[in-house]
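Below are the chains, spelled out letter by letter.
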Amino acid sequence: MIQTTFTEEYDVVVVGAGHAGCEAALASARLGLKTIVFTVSVNSIALMPCNPNIGGSSKGHLVREIDALGGEMGKNIDKTFIQSKMLNVSKGPAVHSLRAQADKADYSMTMRQVLENQENLTVKQAEVCELIIEDGAIKGVKIFTGGTYFAKAVVLCTGTYLRARCLCGEAITYTGPNGLMAANHLTESLIENGIELFRFKTGTPARIDRRSIDFSKMEEQKGDEKVVPFSFSTDPKSVEKEQISCYLTYTNEETHKIIRANLDRSPIYAGVIEGTGPRYCPSIEDKVVRFADKKRHQLFVEPEGLHTNEMYISGMSSSLPEDVQIAMYRTVPGLENCKIVRNAYAIEYDCINPVQLKHSLEFKKIKGLFAGGQFNGSSGYEEAGAQGLVAGINAAMYCLKKDPLIIDRSEGYIGVLIDDLVTKETHEPYRMMTSRSEYRLLLRQDNADLRLRKKGYKVGLINADQYNALLLKEKQIKDEIERLKTTYVGSNARIQDFMASKDSALLKSGIPLAELICRPELDYESIAPIDDNRPELPDDVREQVNINIKYEGYIERQKKQVAAFKKLEEKKLSEDIDYSKIKGLRLEASSKLNTFKPVSIGQASRISGVSPADISVLLVYLTDK
Amino acid sequence: MNTDTIAAIATGMTPSGIGIIRVSGEDAFKVASSVFLKKNGKIPEAYENRKAYFGYVHDNGTVLDEVILLTFVAPSSFTGENTAEIQCHGGILMMQKILELCLNNGARAAMPGEFTKRAFLNGKMDLSESEAVMDVIASKNDLALKNSVKQLRGSLYEKITDIREKILYETAFIESALDDPEHFDLEGYPDKLSVKLLSILHDLEKLSDSFDDGRILSEGVRTVILGKPNVGKSSLLNILAGSERAIVTEIAGTTRDTIEEKINIGGVLLHVIDTAGIRESDDIVEQIGVRKAMEMAEDADLVIMVVDSSTPLTPEDEEILGFIRTHEKKCVILLNKSDLESVIGPEEIACYTNNPVIMISAKDETGIDELKEFIVREYSKGLLKYNDEIFITNIRQKEALNSAIASLLCVAKSITEKMPEDFYSIDLTAAYESLGLIIGEQVDDDVIEEIFGKFCMGK
């Protein structure tokens, strides 16, 4: 390594400026900490090296939660989206999910400007290659060109760049995504400091020249007429704009035949790939093997931006060799004559075993060292952004000697995400999914602000105006629900005519408006004609009123489940407990518990290898304390 | 963790033949040495595992009672700790005196459930076993305990696990469809789920009803012995039970004042229900007893009628024979007192019923083998019904079952109201968790409190 004596001092160092690093750096700087963010290339700030969209099922929830806490992702996509859709609207409100297609270049550039203009924040192009750790606490980092940056806290957000290796069939390059430089030196420093690493793999499909695609053979997918912004602070009028289309097409038996015939040339099936891939975001090879009886698989053809002809073929990521790729893509209706601009490829990278982290995303064994994003074994921009935000906030809290921000499983998808990562020993890239959240009826995308804004305010990322707006919203919702529960309509002719017109049972006597909203065929909006004294309220308030009344029974039952969950979370376990001394525990359980040192009975119960019987022993043990 | 030494009266606070004071903990033997002397007036030199010492309890030299001291060395005891059990005469006053003596000599009064809690913490039993202890606390009998534990770990466990797996499968399917709609289709799913729910609900309701019945009956051929007073029913029962006598459970609080007994006859488990009629008591009660016995016999799988062959048939006998004729029950008629001169033979009985008749003498124990052969033969031919139905016996289990039922009814309601499928999982999950509470697969700290708080002192 190059030796220089150049040093600088910061409060917080952030390593990496992808989706996690951006949130971490912004949060820390906005909380008043002197912050520096390192990136291997300033051109790759907030790069979207894979899919050209933000949000989607459960990921949309994460973006809204990031926004509720004072993060940037939602605002940035609101400024740069080119199509927006609310997914799953035929399902319940818990699984409604916002997804927006991004103009990738615009997204990256816009975020870069936000970083560059952020007070307290320095952006620096350099490869961090060494951690300086003394007495179990982080002191700073060294960069490849020789400089030393001392800091109170460091946040590692290296994404997929650590010892990255890209594979396209037999062609292997030692680069990060999009041919960017890999970060090859930091791994050694991590290992030297006793950090356990995993090697994960992910992949991306080909980008195809739009001019070579026959869209007439595909199904057009338009955006929503009424666009809902991601950010609670975005003016809904500002997102009214012309949108571009995506297209739906399918693979077929011919595609699958080509893939099967060339499986031996796939680096995964040939055993060249060492890393573990995500089961929930499989390559087309995986899908053909795993769902062998499926005759076709969906493909979405999505534009990469307004100023490029590149189209992203969603659903068809691959690491097969170039010639096989060309052949297989050309079997797809509309892609018969396609020209590939960029090949599909798989990427392998180093990341950590996240069970080494606390819920604050600080390393259990190294004070002041935090981690976020794909470096923690997750996958996806939104998962990265969420962790980056929490890691950045907590690095700041650490410097300020304040309590860390911890979101539990009943408060947000972010809580589920982090708790799963630090507790569940996932040995594959972790992707957020609706099913991972037990209390999802309470954790809707529509109420992320009501759930988390106060926490954002307490931390200091939400300003007084935003906070007061939240309080007003809460009051409006509460008052309107109260009004609907106490406003009766009688069984007069006008009302009965209305009921008949809605195919709803006629009234036998007076009934509160709230009860009408509960009927399956009615809702808050549809009973407006018989609600004479209805106050004028914003869309988002009306939506909350409707959901809270209509699904009250379910919401109450879910709240009971949360109460039971909280009881076990509140039973704290001290770090000093030596579990091997508790005789009733099975050997596997006591050794797991000693490794994890869970903070509560609740967390202990989620560790694999700790059985309900072991938890009972712990509970009884606690009553004896 | 507390490792001090605790003591309590392990038998109920009612007068009984034998009273037991249990002392458990590191210093259990030290306590024993302070209060117990062997018959020869000496303190045992060493306390061996599972050994009985005959001697007396004394208070500074004053003999209180002649007792047997049983010692168990850790970890081979109920609690997993050193344990001394003093078996004294069962007067309440005596038991209390001895307990007080132990407390004055280094032991502390045990909290409710503390012995079992220690057993649990020392890995001697799991949570559901602990709860089983609570269930049979009234019987205060280790055999009963084992039986109840077996029941809990056995069929009920399997049944609940089976239902939980079914529920889990549905939840997983819905979740998969939400996360991967391309590969999991929910088209027509609500109707399919409705059908499955009905069958699960049916099973759960049946289990729940088993509690309401108050039929705390377990495995075995449900057997009732009928006969007028003093024909020898109790003698017969005693002969049959003999050394194979398994358990006697008094079921307090049920409307039927019965004693239920398990008897193993050549490998066939009889579940004999004794009515009050079997007890020797005054005539009025006996009358009620016979009626009651016939009521019980309505549900029986096997009826054994005992007739006194030395005296002519009475109207009571005829009433019972009438009952047998009108009820198609597997039945055998025993002509007892064959040691005396008989005035009734099989041919008299044949006027009333075609059921087999066996001559016995409870006094000489003759004819008993024939009866046993008859039972084994009928059983092996599959002509005797064997009750292996699962039942629940504990109010907490019933509550958990009912809350699971309520949750599944909510799912059914969601389906009827055409709610989106993602709403189902809230209540499916709740049902899954409620059922988990029954078998200890779901943890709830209230249950822990309840289990260890409700125990009587000595357990």
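Bear in mind that the values here come from a model prediction, so they are computed numbers and not experimental data.

## A few points about the sheet that holds strand β3 (residues 53-55) of chain A
All names here are of chain A. Across the sheet, three strands lie side by side as β3-β5-β4; this open sheet has antiparallel pairing. Of all the strands in the sheet, the pair left with one neighbour each is β3 and β4 (81-87). Sheet twist, expressed as the mean angle between neighbouring strand axes with direction ignored, is 20 degrees. Pairing between β3 and strand β5 (residues 97-102): three bridges, direction antiparallel. The residue bridging Gly55 from the neighbouring strand is Arg99, located in β5.

## Considering the pattern of salt bridges
According to the stated counting rule, one finds 68 salt bridges over all chains in the structure shown. Among the salt bridges present, the one from A:Lys454 reaches A:Glu474, with a minimum N-O distance of 3.1 Å. Here the residue A:Lys454 occupies a position in helix α11 (residues 448-459), and A:Glu474 occupies one in helix α12 (residues 464-486), the gap between them amounting to 20 residues. Of the residues examined, A:Glu474 reaches a relative accessible area of 26% and is grouped as partly exposed. Between B:Glu66 and B:Lys39 there is a salt bridge whose closest N-O contact spans 2.7 Å. Placement of B:Glu66 in strand β5 (residues 62-72) and of B:Lys39 in the loop between β3 (36-38) and β4 (51-59) is noted, with a sequence separation of 27 residues between them. Counted as one network, the salt bridges with shared partners bring together A:Arg409, A:Asp419, A:Asp420, A:Lys424, A:Glu438, A:Glu569 and A:Arg606.

## Considering the state of the cysteines
Residues and elements named next belong to chain A. Scanning all chains against the criterion turns up zero disulfides over all chains. No disulfide involves Cys129; its sulfur sits 17 Å from the nearest other cysteine sulfur, which is in Cys157. On the basis of relative accessible area, Cys129 is assigned to the buried category, the value being 5%. With no disulfide of its own, Cys399 lies 14 Å from the sulfur of Cys157, the closest cysteine sulfur. For Cys399, a relative accessible area of 11% corresponds to the buried category.

## Observations regarding the sheet that holds strand β14 (residues 219-221) of chain A
Residues and elements named next belong to chain A. Taken in spatial order, the six strands of this open sheet run β14-β15-β16-β17-β13-β18, and their pairing is antiparallel. Taken across any chain shown, the strands that pair with only one partner, and hence form the sheet edges, are β14 and β18 (340-342). Ignoring which end each strand starts from, the neighbouring axes of this sheet average 35 degrees apart. Bridging between strand β16 (residues 298-303) and strand β17 (residues 310-314) involves four bridges; their strand directions are antiparallel. When the bridges of β17 are listed, Phe300 appears paired with Ser314.

## Comments concerning the packing of helix α2 (residues 59-69) of chain A against α11(A)
Residues and elements named next belong to chain A. The geometry of α2 relative to α11 is characterised by a closest axis approach of 7 Å and an angle of 35 degrees between their N-to-C directions. Taken as a pair, α2 and α11 cross one another with a handedness that is right-handed. Contacts between α2 and α11 involve Arg64, Glu65, Asp67, Ala68 and Leu69 from the first element and Ala448, Asp449, Arg451, Leu452, Arg453, Lys455 and Gly456 from the second. Residues of the contact of α2 with α11, tallied by class, amount to four nonpolar, one polar and seven charged.

## So, the nonpolar core
By size, the foremost hydrophobic cluster in this structure holds 117 residues, and its most contacted members are A:Leu156 and A:Phe363. Counting residues per element, this core draws most heavily on helix α9 (residues 381-399) of chain A, which supplies eleven residues. The residues contacting A:Phe363, other than those within four sequence positions of it, are A:Leu156, A:Ile195, A:Ile352, A:Gln356, A:Leu357, A:Lys358, A:Leu369, A:Phe370, A:Ala371 and A:Phe375. Residues B:Ile167, B:Ile200, B:Ala431 and B:Ile438 belong to the second largest nonpolar core, which totals 29 residues.

## Points about a nonpolar patch on the surface
A cluster of nonpolar residues, A:Ile172, A:Tyr174 and A:Val272, forms a patch on the protein surface that exposes about 270 Å² of accessible area. Mapped onto the elements of the fold, A:Val272 is located in the loop between α6 (253-261) and α7 (284-290).

## Focus: the packing of aromatic side chains
Applying the stated rule across the entire model yields 13 aromatic pairs over all chains. Plain terms: the ring middles of A:Phe38 and A:Tyr149 are 4.9 Å apart, the flat faces sit at 75 degrees to each other, and that makes the pair edge-to-face. Linking A:Phe38 in strand β2 (residues 35-39) with A:Tyr149 in strand β9 (residues 148-156), this pair joins segments that are 111 residues apart in sequence. Between A:Tyr439 and A:Phe565, the aromatic rings sit 5.3 Å apart at their centres with planes inclined by 50 degrees, giving tilted as the arrangement. Here A:Tyr439 is found in the loop between α10 (413-423) and α11, whereas its partner A:Phe565 is found in helix α16 (residues 552-569), with 126 residues between them in sequence. Take A:Tyr439 and A:Phe565: they sit in the same class, and that class is buried. Directly above the aromatic system of A:Tyr430 lies the positively charged group of A:Arg436, at a separation of 4.0 Å from the ring centroid. Lying across the ring of B:Phe115, B:Arg22 places its NZ or CZ 5.6 Å from the centre.

## Describing the interface of chain A and chain B
On the side of chain B, 36 residues touch chain A, which itself brings 39 residues to the contact. Here chain A meets chain B over a buried area of about 3,300 Å², counting both sides, of which 59% is carbon and sulfur. Of the charged contacts, one joins B:Glu175 and A:Arg440 as a salt bridge, the two residues approaching to 2.7 Å between their closest N and O atoms. At the surface where chain A touches chain B, the tally comes to nine residue pairs in polar contact (both at pLDDT 80 or more). Of all elements in the fold, only α16 and α19 (612-623) of chain A reach the threshold of two or more residues within the side of chain A that touches chain B. The biggest single contributor to the side of chain A that touches chain B is α19(A), with nine residues. Residue composition of the side of chain A that touches chain B, grouped by class: 17 nonpolar, twelve polar and ten charged.

Conventions we followed
- Residues numbered from 1 in each chain as written.
- Chains lettered and ligands numbered in written order.
- Predicted model: local features only at pLDDT ≥ 70, side-chain atom pairs only at ≥ 80, totals over all residues.
- Heavy atoms only, no water.
- Pairing = 2+ DSSP bridges.
- Helix = DSSP H or I, 4+ residues; strand = E, 2+ residues; numbered from the N terminus.
- Axes fitted to C-alpha atoms, helices over the stretch in contact; angles between N-to-C directions.
- Salt bridge = Lys/Arg side-chain N within 4 Å of Asp/Glu carboxyl O.
- Buried < 20%, exposed > 50% of the residue type's maximum accessible area, 1.4 Å probe, protein only.
- Disulfide = S-S within 2.5 Å.
- Left-handed = near helix turned anticlockwise from the far one by under 90°.
- Contact = heavy atoms within 4.5 Å.
- Nonpolar A, V, L, I, M, F, W, Y, C, P; charged D, E, K, R; others polar.
- Core = buried A, V, L, I, M, F, W, Y, C linked by side-chain atoms within 4.5 Å.
- Patch = residues over 30% accessible without salt bridge, like charges linked within 9 Å, V, L, I, M, F, W, Y side chains within 5 Å.
- Areas by Shrake-Rupley, 256 points an atom, 1.4 Å probe, with all protein chains shown as cover.
- Phe/Tyr/Trp six-rings, centres within 6.5 Å; stacked < 30°, edge-to-face > 60°.
- Lys NZ or Arg CZ within 6 Å of the ring centre and 35° of its normal.
- Buried area = accessible area lost by both parts, 1.4 Å probe.
- Polar contact = N/O pair within 3.5 Å; in protein donor to acceptor, adjacent residues only side chain to side chain.

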